[in-house]
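What follows is the residue order along each chain.
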Amino acid sequence: MDRRDFLQQTAKAAMVLPFVHLPAFAKENRMGIVVHSYGLRWNSKVESKQYPGFASAIDLLEHCHSIGAGGVQVGVKNWTQDFGKKVRDKREKLGLYLEGSIGLPQKAEDVQAFEQDVIGAKEAGAEVLRTVSLGTRRYESLHSSAEFEGFRKKAIRALEISEPVARKHKMKLAVENHKDWRADELADVIRKLNSEWIGVTLDFGNSIALLEDPMEVVQTLAPFMFSTHVKDMGVDEYPEGFLLSEVPLGEGMIDLKKMFEICRKELPTVTFNLEMITRDPLKIPCLTDDYWATFEGVSGYALARTLRMVREKPFKPSLPKVSHLKDEEKLAAEEQNILTSLSYSKSNLGL
């Protein structure tokens, strides 16, 4: 049985066998929140009575519960078993699920620290750990096909030395399409690793930055999915390419209902985690030479299709910006974007 067959048969069993244990979050069916949605409040140094900073995962859990979220996805670096137990106690008291976010070991001597983070996350009740291969954006960090090949080899090696730890602790390691891998590249990596413990955190909007159609990305990666980053996107032109922004759910150009349908069909128990990042638009310089340094196999059709979409579906009246706002105004905008998205998910996405 290959990995896709394993996932599909497990999902079907969860639907039809009444004695199969489903995690509480599958029954609750509420949208979770990725810690990056609170990029301004997470470890914030800004003094605010209305929007106080979150110093730990426990603070984040408490707040997300108060606004009606179903769980959180948060970093687990340096979590001890004792802290993991405190997180578990709080999470269970609030009735929330937990997913971790973890960095991968880059060499053999990093594995021990990686395993300790996995143990801490497991103690807290996490069953999925989201991770990334690059951490930065491909078109900003890699400037030649040789550099991309170096990245690819290191990324695969990091997953290879992580897999025995994930397997030992029965923890699912979910690689995000993080503006680094194109969907077919990531699918090929996961397929070749051929482990039931290594899959994908499926981000709904990131890959637009790599000139990919978001629906095709979901169709390609959903068979390998362990978790999701749900977002809606707005676009507009600028001289060197296009601008890309997360916007509140329902306000952008992503077909969220169709994507949810695909994800639920592939994995009925999948978590839907909101990643609504409040920031200025990202510049995607797809009309510059340097952007194309690592995209030798990408056709002109992908560029034409993306730019046509940008011209046909520009965000109106204009993409949101926050850099000009005062700190308290930025915090207010962040909270409102999240609340608006949660409301939409409840009214329109069955969460």
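Not measured: the values here are computed from a predicted model.

## Section: the confidence of the model for the protein
Piece 1. In the predicted model, the protein carries a mean pLDDT of 92, and 92% of its residues have values of at least 70.
Piece 2. Confidence drops under pLDDT 50 across residues 6-27; counting only partners more than four residues distant or on other chains, this segment forms 22 contacts.

## Brief notes about the nonpolar core
Piece 1. In this structure, Met-31, Leu-202, Phe-204, Phe-242 and Phe-272 are the most contacted members of the largest nonpolar core, which totals 95 residues.
Piece 2. Per-element accounting of this core gives the leading share, eight residues, to helix H7 (residues 145-169).
Piece 3. Excluding residues within four positions of it along the chain, Phe-204 makes contact with Pro-214, Val-218, Thr-228, His-229, Val-230, Lys-231, Ile-254, Leu-256, Met-259, Phe-260, Cys-263 and Phe-272.
Piece 4. Within the second largest apolar cluster, five residues are counted, among which are Tyr-238, Leu-243, Val-247 and Phe-315.

## Concerning the sheet that holds strand S6 (residues 198-203)
Piece 1. Read from one edge of the open sheet, eight strands run S7-S6-S5-S4-S3-S2-S1-S10, paired in parallel fashion. Bordering the open sheet on either side are strand S7 (225-229) and strand S10 (273-274), each of which pairs with just one other strand.
Piece 2. Where strand S2 (residues 71-75) lies against strand S3 (residues 97-101), five bridges are found, and the strand directions are parallel. Pairing of Gln-73 across the sheet is with Glu-99, part of S3.
Piece 3. Running at roughly 160 degrees to S6, helix H8 (residues 183-193) makes contact with strand S5 (172-176) and S6 of the sheet.

## Description of the pattern of salt bridges
Piece 1. In total, this model carries 22 salt bridges according to the counting rule given.
Piece 2. For Glu-62, the salt bridge is made with Lys-90, and the minimal N-O distance between the two is 2.9 Å. Placement of the pair is Glu-62 in helix H3 (residues 57-66) and Lys-90 in helix H4 (residues 81-94), with a sequence separation of 28 residues.
Piece 3. A salt bridge links Glu-237 to Arg-311; its shortest N-O distance comes to 3.3 Å. One end of the pair, Glu-237, is in strand S8 (residues 232-238); the other, Arg-311, is in helix H11 (residues 300-312), and 74 residues separate them in sequence.
Piece 4. Residue Glu-237 is classed as partly exposed on the basis of its relative accessible area of 43%.
Piece 5. Look at Arg-311 and you get exposed, because its relative accessible area is 55%.
Piece 6. Each member of the salt-bridge network shares a partner with another, and the members are Asp-203, Lys-231, Glu-246, Glu-275 and Arg-279.

## Structural notes on the sheet that holds strand S9 (residues 241-247)
Strand pairing in a sheet relies on backbone hydrogen bonds, with the paired strands running either antiparallel or parallel.
Piece 1. The sheet built from three strands is open, its strands ordered S8-S9-S11 with antiparallel pairing. Edge positions in the open sheet fall to S8 and strand S11 (282-284), since each of these has one partner strand only. The average undirected angle you get between the axes of adjacent strands in this sheet is 30 degrees.
Piece 2. Of the pairings in the sheet, the one linking S8 to S9 comprises seven bridges and is antiparallel in character. Across the sheet, the residue bridging to Met-233 is Glu-246, located in S9.
Piece 3. Together, S8 and S9 form the strand contacts of H11, whose direction differs from that of S8 by roughly 95 degrees.

## Topic: H8
Piece 1. Restricting attention to buried positions, one finds in H8 the residues Ala-183, Leu-186, Ala-187, Val-189 and Ile-190. In a view along the axis of H8, the buried residues occupy a sector of 160 degrees, so they form one face of it.
Piece 2. At the exit of H8 stands Asn-194, carrying a positive phi of roughly 50 degrees.

## As for the packing of H7 against H8
Piece 1. The interhelical angle for the contact between H7 and H8, taken along N-to-C directions, is 35 degrees, at an axis separation of 11 Å. The chirality of how H7 crosses H8 is right-handed. Two secondary-structure elements touch here, H7 through Phe-148, Ile-156, Leu-159 and Glu-160 and H8 through Glu-185, Val-189 and Leu-193.
Piece 2. The residue inventory of the contact of H7 with H8, partitioned by class, reads five nonpolar, no polar and two charged.

## Quick look at the packing of aromatic side chains
Remark: the centre distance and the inter-plane angle together describe each pair of aromatic rings, the angle taken between the planes.
Piece 1. Under the definition given, this model contains 11 aromatic pairs.
Piece 2. Ring centres 6.0 Å apart and planes at 85 degrees place the aromatic pair Phe-204 and Phe-260 in the edge-to-face group. Remark: Phe-260 occurs in helix H10 (residues 256-266) and Phe-204 occurs in the loop between S6 and helix H9 (214-221); sequence separation between them is 56 residues. The burial state of Phe-204 is the same as that of Phe-260; both residues are buried.
Piece 3. Each ring, one from Tyr-291 and one from Phe-295, has its centre 5.0 Å from the other, and the planes form 25 degrees; the classification is stacked. Pair check on accessibility: Tyr-291 and Phe-295 agree, each one buried.

Reading the values: rules and limits
Per-chain numbering applies: the sequence of each chain, read as written, is numbered from 1 onward. For a predicted model such as this one, the threshold for reporting local features is a pLDDT of at least 70, and the threshold for listing and counting side-chain atom pairs is 80 or more; totals across whole chains, interfaces and linings nevertheless cover every residue. Hydrogens and water molecules were not included; the side-chain quantities draw on all heavy atoms of the structure. pLDDT expresses, on a scale from 0 to 100, how confident the predictor is about each individual residue. Throughout, a residue-residue contact means that at least one pair of heavy atoms, one from each residue, lies within 4.5 Å. As used here, the term nonpolar core means buried Ala, Val, Leu, Ile, Met, Phe, Trp, Tyr and Cys residues forming a set that is joined through side-chain atoms within 4.5 Å. Burial classification: accessible surface area is computed with a 1.4 Å probe over protein chains only, and a residue below 20% of its type maximum counts as buried, one above 50% as exposed, and the rest as partly exposed. Helix and strand assignments follow DSSP, with helices taken as H or I runs no shorter than four residues and strands as E runs no shorter than two, numbered in order from the N terminus. When DSSP finds two or more bridges between a pair of strands, those strands are recorded as paired. Angles shown run from 0 to 180 degrees and are taken between the N-to-C directions of axes, each axis being a line fitted to C-alpha atoms and, for helices, limited to the stretch in contact. Whenever a carboxyl oxygen of Asp or Glu lies within 4 Å of a side-chain nitrogen of Lys or Arg, that contact is scored as a salt bridge. Directions are taken from the helix axis to each C-beta atom, and the arc is the one they span. The crossing is said to be left-handed when, going from far helix to near helix, the turn is anticlockwise and less than a right angle, and right-handed when the turn is clockwise. Three classes are used, and their members are as follows: Ala, Val, Leu, Ile, Met, Phe, Trp, Tyr, Cys and Pro are nonpolar, Asp, Glu, Lys and Arg are charged, and the others, Gly among them, are polar. Pairing of aromatic rings covers Phe, Tyr and the six-membered ring of Trp, with a centre-to-centre limit of 6.5 Å; geometry is then stacked below 30 degrees between planes, edge-to-face above 60, and tilted otherwise.

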